[in-house]
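# Summary of the model geometry
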Amino acid sequence: MSFQPANLTGLDLRAEIDRLRKDRNAVILAHYYQKPELQDLADFVGDSLDLSRKAAETDADVIAFCGVRFMAETAKILSPGKIVVLPDMDAGCSLEDSCPPDKFAAFRAAHPDHIALTYINCSTEVKALSDIIVTSSSAEKILSQIPLSQPIIFGPDRNLGGYLTRKTGRDMLLWPGVCIVHEAFSETELLKLKAQHPGAPVAAHPECPAIILDHSDYVGSTRGILEFAKSFSGDTLIVATEPHIIHQMEKALPEKQFIGAPGADGNCNCNICPYMALNTMEKLYVALRDLEPRIEIEEGLRLQAKKSLDAMLAMASATVGQGDLGPTRVTGD
């Protein structure tokens, strides 16, 4: 059951959070998919890996991660000496849930000649079972550095894996996981929306099914979509990812119109991530006050998971040779 804080009626939550931030020497992180009020009070807003790396560079003693559990775990992997709290420990991820570590280990054992190229949206245990972690923006560049003769398992997102296969021609063995948010977009409703706004481009996250990506003018990470929103020449953009990212677009470009791509019911309500929505101002206040719920990772497991993250960071920053498929723009995860 999701954590429910005690009645905090009458408390100036913003002031109390700011006080605790100072008293705890804490840094507050908020993913683009968080509620606007959490984005607006955070020290950093961004993609999960980018946030974890920024937090690691600070002298903060406490990291309060307004996101989901695998993101907070990544922050702990990179900052083992810091206290990492998550406002609601039930803030999980459908991709993580789709890939239990025991089943992933068995899958790997059944394909011993394959390496595991694994999307960052997974548990620490699955990261520890993987060879290289990827983000949605670094995956293509990393894939280009793996010999064509090397068989690859890609998980847990079959949509991202399928997108990479279509774009690069690289065949991979895909784990059958999906993001429930991006899976909810409707092709029929998207086409209706495009007809209502002729000429408006569509920017989509590669976690979307191929049928949605086929109608998109830009496909990229959450940060990549935000950068596209800042650069496209029109006045209206249709956005096929979790709609809370639109808050950052509207702040940066108030003169433009941003429309969330609809779900099957004709609106975008079903595309709000139910896990991200578990975090609230009240829960963030309590997490900073009590330093709970706290992320704890056994050191051996942390080090094993860090190996796959380190491999990603090295390959994402490597210079790609002319014989490779070529780099993709690295903008976030």
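This is a predicted model, so every value here is computed, not measured. Position numbers for residues count from 1 along each chain, tracking the sequence in the order it is written. Only residues with pLDDT of at least 70 are given local features in this predicted model, and only at 80 or more are side-chain atom pairs given and counted; all residues enter the totals for whole chains, interfaces and linings. Note that the side-chain values use all heavy atoms of the structure and ignore hydrogens as well as water.

### Regarding the overall build of the chain
The way it works is that DSSP assigns letters per residue, a run of H or I at least four long becomes a helix, a run of E at least two long becomes a strand, and they are numbered from the N terminus. Counting its regular elements, the chain contains 16 helices and 12 strands. This radius of gyration counts C-alpha atoms alone. The globule rule is 2.2 Å times how many residues there are, raised to the power 0.38. On C-alpha atoms alone, the chain measures out to a radius of gyration of 20 Å, which is about the 20 Å that the 2.2 N^0.38 rule sets for 333 residues. Viewed in the frame of its principal axes, the chain has a C-alpha envelope of about 60 × 55 × 35 Å. The burial tally for the chain puts 58% of its 333 residues in the buried class. Here the chain has roughly 13500 Å² of accessible surface; of this, 52% comes from carbon and sulfur atoms. Seen as two clouds, the 32 positive and the 45 negative side-chain charges of the chain have centres 3 Å apart. Burial status follows relative accessibility: with a 1.4 Å probe on protein chains alone, a residue under 20% of its type maximum counts as buried, one over 50% as exposed, and anything between as partly exposed. Note on areas: these come from Shrake-Rupley sampling with a 1.4 Å probe, and a residue is covered only by the protein chains present in the view. In this tally Asp and Glu are treated as negative and Lys and Arg as positive; neither His nor the chain ends contributes. Charged groups are reduced to one reference atom each: NZ for lysine, CZ for arginine, CG for aspartic acid, CD for glutamic acid.

### A few points about the pattern of salt bridges
Counted as salt bridges are all cases of a side-chain nitrogen of Lys or Arg within 4 Å of a carboxyl oxygen of Asp or Glu. Inspection of every chain in the model, using the stated rule, returns 18 salt bridges. Arg69 is the partner of Glu96 in a salt bridge, and the nearest nitrogen-oxygen pair spans 3.6 Å. Residue Glu96 is located in helix α5 (residues 94–97), and its partner Arg69 is located in helix α4 (residues 69–78); the two are separated by 27 residues in the primary sequence. The burial state of Glu96 is the same as that of Arg69; both residues are buried. Here Glu299 makes a salt bridge to Arg302, at a shortest N to O gap of 2.9 Å.

### Let's talk about the pairing of strand β12 (residues 257–260)
Two strands qualify as a pair provided DSSP detects at least 2 bridges between them. By the bridge criterion, 4 bridges tie strand β11 (residues 236–240) to β12 in an arrangement that is parallel. Each bridged residue has a counterpart across the sheet, and for Leu237 the counterpart in β12 is Phe258. Handedness of the crossover is the feature at issue here: the chain leaves β11, passes through helix α14 (residues 246–252), returns alongside β12, and the resulting connection is right-handed. Convention used here: a crossover is right-handed provided that the path from the first strand, over the helix, to the second strand proceeds clockwise when the strands point away from the viewer.

### Quick notes on helix α1 (residues 13–23)
Looking only at α1, the buried set comprises Leu13, Glu16, Ile17, Leu20 and Arg21. Relative to the axis of α1, the buried residues are bounded by an arc of 140 degrees and lie together on one face. Exposed side of α1, more than 90 degrees from the buried face: Lys22 and Asp23 are the residues found there. Contacts are assigned to residue pairs with any non-hydrogen atoms lying within 4.5 Å of each other. Looking at the buried side of α1, the elements it contacts are β1 (26–31), α2 (36–41) and α15 (281–290). The arc in question is the one traced by the directions running from the helix axis out to the C-beta atoms.

### Section: the nonpolar core
To form a nonpolar core, buried Ala, Val, Leu, Ile, Met, Phe, Trp, Tyr and Cys residues must be joined to one another through side-chain atoms within 4.5 Å. Formed by 84 residues in total, the largest nonpolar core has its most connected members in Leu117, Phe154, Leu164, Leu237, Met249 and Phe258. Looking at this core element by element, the count peaks at 6 residues for α4. Ignoring sequence-local partners within four residues, the contact set of Met249 consists of Ile225, Leu226, Ala229, Val239 and Phe258. In terms of nonpolar packing, the next biggest core, distinct from the first, is built from 21 residues, Ala26, Ala30, Leu38 and Val62 among them.

### What to know about the environment of Pro206
Among the structural elements, Pro206 can be located in the loop between β9 (202–204) and α12 (210–213). The buried category is assigned to Pro206, whose relative accessible area is 1%. Pro206 sits 70 residues away from Ser136 along the chain, and the two C-alpha atoms are 7.1 Å apart. Contact partners of Pro206, with chain neighbours within four places excluded, come to Ser136, Asn159, Leu160, Tyr163, Leu213, Val219, Gly220 and Ser221.

### Points about the packing of α4 against helix α16 (residues 299–316)
Angular values range over 0 to 180 degrees, each being the angle between N-to-C directions of two axes fitted as lines to C-alpha atoms, with helices fitted over their stretch in contact. Viewed as axis vectors pointing N to C, α4 and α16 meet at an angle of 95 degrees, and their least axial separation amounts to 10 Å. Taken together, the axis directions place α4 and α16 in an arrangement best described as roughly perpendicular. Contacts between α4 and α16 involve Thr74, Lys76, Ile77 and Leu78 from the first element and Arg302, Ala305, Lys306 and Leu309 from the second. Under this grouping Gly is polar, as are all residues other than the nonpolar Ala, Val, Leu, Ile, Met, Phe, Trp, Tyr, Cys and Pro and the charged Asp, Glu, Lys and Arg. The residue inventory of the contact of α4 with α16, partitioned by class, reads 4 nonpolar, 1 polar and 3 charged. Here is the rule for angles: anything less than 35 degrees is roughly parallel, anything more than 145 is roughly antiparallel, 65 through 115 is roughly perpendicular, and the remaining ranges are oblique.

### Examining helix α11 (residues 187–196)
Note: α-helices contain 3.6 residues per turn, so residues at a spacing of three or four share the same orientation. All of the buried residues along α11 are Glu189, Leu190 and Leu193. Buried residues in α11, looked at end-on, bunch into an arc of 100 degrees, giving them a common side. The elements touched by buried residues of α11 are β9, α12, β11 and β12. Contacts described as polar in this section are N or O atom pairs within 3.5 Å, which, within protein, must combine one atom able to donate a hydrogen with one able to accept it, while residues neighboring in sequence count only if both atoms come from side chains. The backbone nitrogen of Thr188 lies 3.4 Å from a side-chain oxygen of the residue at the head of α11, namely Ser186.

### A few points about the packing of aromatic side chains
Note on aromatic pairs: the rings of Phe, Tyr and Trp (six-membered ring only in Trp) are paired at centre separations within 6.5 Å, and the planes decide the class, stacked below 30 degrees, edge-to-face beyond 60, tilted for the rest. Enumeration over the complete set of coordinates arrives at 4 aromatic pairs. Ring geometry for Phe104 versus Trp175: centroids 5.7 Å apart, planes at 70 degrees, classification edge-to-face. Highlighted residues: Phe104 in helix α6 (residues 101–110) and Trp175 in the loop between β8 (173–174) and α10 (180–183), separated in sequence by 71 residues. Judged on exposure class, the residue Phe104 and its partner Trp175 are both buried. Taking the centre distance of 4.9 Å and the plane angle of 10 degrees together, the rings of Tyr218 and Phe228 count as stacked. Of this pair, Tyr218 sits in strand β10 (residues 218–219) while Phe228 is found in helix α13 (residues 222–231), placing the two residues 10 residues apart along the sequence. Owing to a relative accessible area of 15%, Phe228 belongs among the buried residues under this scheme. Aromatic ring contacts, followed pair by pair, group Phe104, Phe107 and Trp175 into a single cluster.

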